[in-house]
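Now for the letters of each chain:
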Amino acid sequence: MKNALRVALLCVILSLLAFPVFAAGGQEQGVEKKVGILMPTKSLQRWNQDGQYLKTKLEAKGYKVDLQYANNQVATQVSQLENLVTAGNRILVIASIDSTALKGALAQAKQEGCLVIAYDRLIMDTPNVDYYATFDNYKVGELQGNFIVDKLGLENGKGPYDLEVFGGSPDDNNAYLFNQGAMDQLQPYIDKGQLVINSGQTDMSVIAISAWKAEGAQARMDNLLTAYYSDKDVDVVLSPNDSLAQGIVASLKSAGYGTASKPFPVLTGQDCDKINVKMMINGEQSMSVFKDTRTLAERVVTMVSEIGDGKKVTVNDTESYDNNVKVVPSFLCDPVFADKNNYKELLIDSGYYTIDEIM
């Protein structure tokens, strides 16, 4: 009997050694802590910054991090996701290229016990996303719209001004929130005739620029100027981000804007990319929305740590972000606007950039 008990006890011990034990809701105990991070592309400055900051901070906390970029290729990102799961990464941080394209791979990831944090782009049409970390994207557009209202004195009845509207990539859910936030501020003045959209183009199916490409924005701006502004100047352009603003400025320059007799229009942006900060200083771009990605990345590091430690994940919004299958628990960080009057305080004094990087 004693021998039988010894054998049974030995079997139990061996089974515990053979299979990892999960912390409640978190990382496997007794195994290497691994995090897979998927970023869309290296072609935009912000994704390079976000990815590297996440990697550095998580490695400092003892995680092994696999950071991958997909060159804005959806099939590549799907393959990368599948490979991360196969390699044993059980916490995944994903900034998706196409918000709906990862459904199949995420279903498999969930079967393997993965927890998924959508990073700054909500992953749509799947139950297999656990958390979302982003900025208040409606507020981003709101800041852009209000800047235009204030800059043009619309509340004081000034106008009419000629406006054209650009939208972000149609496969990015954030693009619709940026647009809604801005247009909710501008629509009353469009209705009153203080803002006039000569092209009549406001629907996202027409104004959206695929993959947020500067060259796409430049081509559309070229077409707008040729078709609607041969005998007048455009006064204001709503651009949802900085890469589109770069293309818009290139088009405007080619059309002769930037002189005393033909000044640049009021032009918005987002991300405070280095080249765009220079454009603000030079008077080519009017403003950009500053989303301190250090804040966002730090929040995601906290969320990963909470998951890894089996703790409750901290969120501050459980109502706003419905991905068509579920409301995804979210943490929203606050954006602020930057222009030539406050960029130094926001970007230089805070250590986000050095003065040499933007001059």
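Structure's up top.
This section reports on the structure supplied with the text. Since this is a predicted model, take the numbers as computed values, not measurements.

Put simply, helix H5 (residues 137–152) and helix H6 (residues 173–191) touch, their axes get as near as 7 Å, and they point 30° apart. Comparing the axis directions of H5 and H6 gives the class roughly parallel. Crossing handedness for the pair H5 and H6: right-handed. Judged by residue contacts, Asn137, Tyr138, Val140, Gly141, Glu142, Gly145, Asn146, Ile148 and Val149 of H5 engage Asn174, Leu177, Phe178, Gln180, Gly181, Ala182, Asp184, Gln185, Leu186 and Tyr189 from H6. Classifying every residue of the contact of H5 with H6 by side-chain character gives nine nonpolar, eight polar and two charged.

Counting across every chain of the model gives three cavities of 30 Å³ or more. In this structure, the largest cavity occupies an estimated 130 Å³ of space. Lining of the largest cavity is provided by 13 residues; of these, Arg46, Trp47, Arg121, Trp212 and Asp271 occupy positions nearest its centre. Those elements that place two or more of their residues in the lining of the largest cavity are helix H2 (45–60) and H6. Looking at side-chain class alone, the lining of the largest cavity contains four nonpolar, three polar and six charged residues.

Position of threonine 126 among the secondary structure elements: in the loop between strand S6 (115–119) and strand S7 (131–135). Overall, threonine 126 belongs to the buried group, its relative accessible area being 2%. For threonine 126, the side chain forms a polar contact with the main-chain nitrogen of asparagine 128, separated by 3.0 Å. Once you skip the residues sitting within four places of it in the chain, threonine 126 turns out to touch Lys103, Leu106, Asn323, Val325 and Lys326.

Alternating positions in strand S13 (residues 330–333) separate into two faces, Ser330 and Leu332 on one and Phe331 and Cys333 on the other, with burial throughout. In the sheet, S7 pairs with S13 via four bridges, with the strands oriented parallel. Pairing of alanine 133 across the sheet is with phenylalanine 331, part of S13.

Here the focus is the sheet that holds strand S4 (residues 64–69). Pairing in this open sheet of six strands is parallel, and the strands run S4-S3-S5-S6-S7-S13 from one edge to the other. Either end of the sheet is taken by a strand with one partner, and the two such strands are S4 and S13. Each neighbouring strand pair of the sheet contributes to a mean axis angle of 15°, computed without reference to strand direction. Alignment of strand S5 (residues 91–94) against S6, held across four bridges, turns out to be parallel. From the neighbouring strand, leucine 92 faces S6, where its bridge partner is valine 116.

Attention shifts here to the pairing of strand S3 (residues 34–39). Consecutive residues of a regular strand have side chains that alternate between opposite faces of the sheet. With six of six residues buried, S3 lies mostly within the body of the structure. Neither face of S3 is exposed, since Lys34, Gly36 and Leu38 on one face and Val35, Ile37 and Met39 on the opposite face are all buried. In terms of strand pairing, S3 meets S4 through six bridges, oriented parallel. Its bridge partner lying in S4, valine 35 is registered against valine 65. Between the parallel pair S3 and S4, the chain is carried across by H2, and the sense of this crossover is right-handed.

Glancing now at the nonpolar core. Core analysis: the biggest nonpolar cluster contains 45 residues, and Leu163, Leu186 and Leu195 have the highest contact counts within it. Those elements that place two or more of their residues in this core are H5, strand S8 (161–165), H6, helix H7 (204–207), helix H8 (214–228), strand S10 (236–238), helix H9 (242–254) and strand S11 (266–267). If one sorts the elements of this core by residue count, H6 sits on top with seven residues. When residues no more than four places from it in sequence are discounted, the contact partners of leucine 195 are Leu152, Leu154, Tyr161, Leu163, Leu186, Tyr189, Ile190 and Val236. In terms of nonpolar packing, the next biggest core, distinct from the first, is built from 29 residues, Leu54, Tyr69, Tyr119 and Ala133 among them.

Quick notes on the rules
Residues numbered from 1 in each chain as written. Predicted model: local features only at pLDDT ≥ 70, side-chain atom pairs only at ≥ 80, totals over all residues. Heavy atoms only, no water. Axes fitted to C-alpha atoms, helices over the stretch in contact; angles between N-to-C directions. Helix = DSSP H or I, 4+ residues; strand = E, 2+ residues; numbered from the N terminus. Parallel < 35°, antiparallel > 145°, perpendicular 65-115°, else oblique. Left-handed = near helix turned anticlockwise from the far one by under 90°. Contact = heavy atoms within 4.5 Å. Nonpolar A, V, L, I, M, F, W, Y, C, P; charged D, E, K, R; others polar. 1 Å grid on protein atoms, 1.4 Å probe; cavity = no way out; pocket = protein on both sides within 12 Å on 5 of 7 lines; lining within 4 Å. Points joined across faces, edges and corners; volume = space filled by probe spheres on them. Buried < 20%, exposed > 50% of the residue type's maximum accessible area, 1.4 Å probe, protein only. Polar contact = N/O pair within 3.5 Å; in protein donor to acceptor, adjacent residues only side chain to side chain. Pairing = 2+ DSSP bridges. Right-handed = clockwise from strand over helix to strand, strands pointing away. Core = buried A, V, L, I, M, F, W, Y, C linked by side-chain atoms within 4.5 Å.

Limitation: the analysis is restricted to geometry and does not speak to function.
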